Amino acid sequence: MIISYQGGGSPLHRIDPLSKLVVLLCIAVLTMRLHTSGGQALLLLAASFLARMAGGVSWRRQWTAMAFLIGFAVPYFVLTLLTVPGSQTIWQFGVLHITTEGADAAGSVTLRMFTVFLSSFVYMVTTDPGDLVTALTRRLKVPYRFAFGISMALTFLPLLQEEGRSISAAHQVRGAARPKGIKQRLGWWKVFVSAILHNAVRRIQQTAGAMEAKGFGAYPERTFLREQKPSPAGQITAVGTVLITAALWWYIHIVNL
Amino acid sequence: MQGTSIELMELSYWYEDVEQPALHGVSLTIPAGQFTAVIGPGGSGKSTLCQLLSGYLPRSGGGRREGKVQLDAIDPAEAPIAEIAKVAGIVFQDPDAQLVRGVVEDEAAFGPENLRVPPAEIESRVEEALAAVNLTARRRSPVRELSGGQRQRTAIAAVLSLSPRMIVFDDASASLDPAAQAQFVQLCRRLHAEGRTVVTVSGRFDDAARAAERVIVLDGGAVLLDGAPQELLRTSRDRLAQLGVLPPWEGAAEAGGPAGGRRGVPEAGAHAAEPATGTLQSAGMVTAPAKRPPGNDSPGGAPASGPLLEVRNLSYTYPGGQEALRDVSFAMHPGAWGMLTGENGSGKTTLTRLLMGLLPVPARSVYWKGRDVSGMPVHQLARDIGYVFQQPEHQFVEHTVWDELVYSLRIRSGWRRRQTELTPEQTEAAEALLAAAGLSGRRQDSPYLLSQGEKKLLSVIGQLIQPKALYILDEPTSGIDYRAAQRLLKLCRGAAAQGAALLMITHDPRLVEEDASFVLRLNHGMVEDYRQLGRSHELMQARF
């Protein structure tokens, strides 16, 4: 599974979900605050380094996850590159022209996208969905149905991935090869995506039925086997990150990064 | 015993857009605290009954219900969710449809948490439930890392922890290994001794049915027989055998019929129009037996001619670090029929998935006709190897039974073309297989609407439609009645008669041992036992 919780003992695994959520929000705030490609690149590097060192997520796995985004990021980059106005032209062909300002803006928004995705990805792979539900319900007093909804949403991508793998295996054991050429690929994706969605909906219905059969939603509150208490390390990390973010906010304003 | 646990009066049920009722006019009463087994062949309405008891039908699953259903005086179609969960817990056959949290412990805690049970009591219930299904050691394991049988045991634990007054097991022991099945029967006895109402549902007159106080036999959506198990076995053995709920080695043999073996079993064609073997032969699907070359299938043994499949010191560890196989070696020749046995989680499915290339095969570990299959694409192996999944639903790729059956025939240049016309020979062969599987009347139905036995048969004929050198079948007979199992084995014999080799994961060794040439038993990922069986010895003797 590429995007699903993986148990482990890294520092990020040991931090409670809410403290980690604070770190995630701080990173998101910084991506919004930074407005140059250089600043966004530094933040992405920092997030990637944090994922590797504190979360134990390998470089390869980070790359595999971020490769998902390339299909969206590249067109967005090109569009921004060609549409943001600027005064210093780098390249021109007919009506198309690229400016320094456009290149900076395109790099900035694209890198921001990668940083937000990477940090969310690291949060998902280092956070037990069950702990997240407990923390949201017990500490933030979020209604448990809503918290479970978030938890189920976190498991939806792995579910789609699993269904995709299963359907692909079903086709392959019957002799179907990977499609070649645009026409075959389009035909394959049509069949593949429709089968995945069909099966995913079936699985969701089954899961909803199974949850109901075990009394889910019967009462406004529920109990939890495990309490989710904030870890001292998590609290220190959260407070530290907020302070660093505030300092960077001020510094970014000074150096115009 | 006090009061009534289950009361059904003139219960009928119709699925949406289906004219024929799945259940019609069922009336019965199960007293509180009784241990009852409901058995019946595929399509007799057992699972429909369970879903009506759980309230899933018609509340969420739609359809039309007539008549009365009462569980401890509540109607599951209308009662509040909490009331139903406290009264009745139902374990279904497919564990994947019941597990919602992803970790064994969380699954067991989920129900009590919803019912606001205090954490300390949840803890003791979870411990007790996991101990009852022998999963204490896997308490923190992600469900996706468990075998099919272990997942089923998790589903059972998730219901046990609810501590309901009544527990219904809908073929919940089908994918369990023999030891776990024996433990399951013990569990039913214990729950019964605690005063709970226990209902087991199965396609077979299994050990749970023999241990029950009462057996209710369904057929065609109605109650056919009702009585104590020993009484039914004494008075209605022939009838039970005809239905296919008795194993072949019992059946008519002990009732004075032909002795033992296949002759004592209702043949696959006994209840539905089925083409004669000649028809299948002419369609190229079956050839006369006794043309099967014997194989030297010993692990690592030196064959007279090159093996089809050779496994050399195969070890495999999942990416999470869980070791699944260690130093497994064996070989298979054309015509060999291997039984792969072992407890749940012993590595059987992992082994077969590796053989099919569905998991990354370590280099120099698996050879197909002398060639290392490491890195070989699955579709390339699929030219020679047919693979039948444990859960037939995982294999389905089309929307109708007919399209599902002929899918492989429409593959051209490695890609399926929906409009590809079949040749008259292909159509004839497909028709013959459909008839042999008893599915001629279901060709336009969705594969998902078939009974479990029919689904298994469809998944098998979907592979047999294209002749292959080796067929790998993952628990093809689990969870289906003996009539469907015999039908399925007859199809396998047809393939074997053409010289194909078969490797079959099974928890039903007695069903297959007459046909098998060797048995390979795994234990904790290692070969625990290898034995050649009678058929290969007879063939070897005939050869020399």
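Just so we're clear, the structure is a prediction, and the values are computed from it rather than from any experiment.

**Observations regarding the overall build of chain B**
Next up, step 1: Tallying secondary structure elements over chain B gives 19 helices and 21 strands in all.
Next up, step 2: Counting the 544 residues in chain B, one finds 61% classified as buried.
Next up, step 3: Here the contacts in chain B between residues at least 6 apart in sequence split such that 68% fall between residues at least 24 apart.
Next up, step 4: Per element, the accessible surface of chain B, about 20,500 Å² overall, is 48% carbon and sulfur.

**What about the environment of Val122 of chain A?**
Residue and element names in this part refer to chain A.
Next up, step 1: As for its placement among the helices and strands, Val122 is situated in helix 5 (residues 100-126).
Next up, step 2: In this structure Val122 comes out as buried when scored by relative accessible area, which is 7%.
Next up, step 3: Sequence separation between Val122 and Thr137 is 15 residues; the distance between their C-alpha atoms is 22 Å.
Next up, step 4: Apart from the residues within four sequence positions on either side, Val122 is in contact with Leu12 and Ala51.

**Topic: the packing of helix 7 (residues 144-172) of chain A against helix 8 (residues 181-213) of chain A**
Residues and elements named next belong to chain A.
Next up, step 1: Two elements in contact, helix 7 and helix 8, have axes separated by 9 Å at closest approach and are oriented at 135 degrees. In terms of orientation, helix 7 lies oblique with respect to helix 8. Remark: the crossing between helix 7 and helix 8 carries right-handed chirality. Across from Phe148, Met152, Phe156, Leu159, Leu160, Glu162, Glu163, Gly164, Ile167, Ser168 and His171 in helix 7, the residues of helix 8 making contact are Trp188, Val191, Phe192, Ala195, Ile196, Asn199, Ala200, Arg203, Ile204, Thr207 and Met211.

**Quick look at the pairing of strand 9 (residues 222-227) of chain B**
Residues and elements named next belong to chain B.
Next up, step 1: Two elements, strand 8 (residues 214-219) and strand 9, share five bridges in a ladder whose sense is antiparallel. Looking at strand 9, one finds that Val215 is bridged to Gly227.
Next up, step 2: The loop that links strand 8 with its antiparallel partner strand 9 comprises two residues; one of these, Gly220, has a positive phi angle of about 60 degrees.

**Let's talk about the interface of chain A and chain B**
In many reports, interface size means the accessible area that the parts give up when they come together.
Next up, step 1: Contact with chain A, which involves 43 residues of that partner, is made by 53 residues of chain B.
Next up, step 2: Interface area for chain A against chain B, summed over the two sides, is near 4,400 Å², with a carbon-plus-sulfur share of 57%.
Next up, step 3: For the chain A face of the interface with chain B, the top three residues by lost area are Arg174, Lys214 and Leu225 of chain A, together amounting to 22%.
Next up, step 4: At the surface where chain A touches chain B, the tally comes to six salt bridges.
Next up, step 5: Close ionic contact of Asp128 of chain A with Arg140 of chain B constitutes a salt bridge, the shortest N to O distance being 3.6 Å.
Next up, step 6: Run the count over chain A and chain B and you get 15 residue pairs in polar contact (both at pLDDT 80 or more).
Next up, step 7: Going through the elements one at a time, helix 7 and helix 8 of chain A are the ones with two or more residues in the side of chain A that touches chain B.
Next up, step 8: At 14 residues, helix 8 of chain A tops the list of elements feeding residues into the side of chain A that touches chain B.
Next up, step 9: Classifying every residue of the side of chain A that touches chain B by side-chain character gives 19 nonpolar, 15 polar and nine charged.

**Regarding the domain arrangement of chain B**
Residues and elements named next belong to chain B.
Next up, step 1: Its domain assignment divides chain B into domain 1 (6-243) and domain 2 (309-400 + 446-532).
Next up, step 2: Here the C-alpha centre of domain 2 lies 29 Å away from the C-alpha centre of domain 1.
Next up, step 3: Broken down residue by residue, the surface that domain 1 buries against domain 2 is led by Gln93, Asp177 and Arg204, which jointly contribute 32%.
Next up, step 4: Here domain 1 is connected to domain 2 by one salt bridge.
Next up, step 5: Residues Asp508 and Arg204 are paired through a salt bridge, measuring 3.0 Å at the closest nitrogen-oxygen approach.
Next up, step 6: The tally of links from domain 1 across to domain 2 stands at seven residue pairs in polar contact (both at pLDDT 80 or more).
Next up, step 7: Looking at the side of domain 1 that touches domain 2, the elements with two or more residues in it are helix 6 (148-160), helix 7 (178-193) and helix 10 (237-243).
Next up, step 8: Looking at which element gives the most residues to the side of domain 1 that touches domain 2, the answer is helix 6, with four residues.
Next up, step 9: Taken together, the residues of the side of domain 1 that touches domain 2 break down into seven nonpolar, 10 polar and eight charged.

What counts as what
- Residues numbered from 1 in each chain as written.
- Chains lettered and ligands numbered in written order.
- Predicted model: local features only at pLDDT ≥ 70, side-chain atom pairs only at ≥ 80, totals over all residues.
- Heavy atoms only, no water.
- Helix = DSSP H or I, 4+ residues; strand = E, 2+ residues; numbered from the N terminus.
- Buried < 20%, exposed > 50% of the residue type's maximum accessible area, 1.4 Å probe, protein only.
- Contact = heavy atoms within 4.5 Å.
- Areas by Shrake-Rupley, 256 points an atom, 1.4 Å probe, with all protein chains shown as cover.
- Axes fitted to C-alpha atoms, helices over the stretch in contact; angles between N-to-C directions.
- Parallel < 35°, antiparallel > 145°, perpendicular 65-115°, else oblique.
- Left-handed = near helix turned anticlockwise from the far one by under 90°.
- Pairing = 2+ DSSP bridges.
- Buried area = accessible area lost by both parts, 1.4 Å probe.
- Salt bridge = Lys/Arg side-chain N within 4 Å of Asp/Glu carboxyl O.
- Polar contact = N/O pair within 3.5 Å; in protein donor to acceptor, adjacent residues only side chain to side chain.
- Nonpolar A, V, L, I, M, F, W, Y, C, P; charged D, E, K, R; others polar.
- Domains from an automatic or database assignment.

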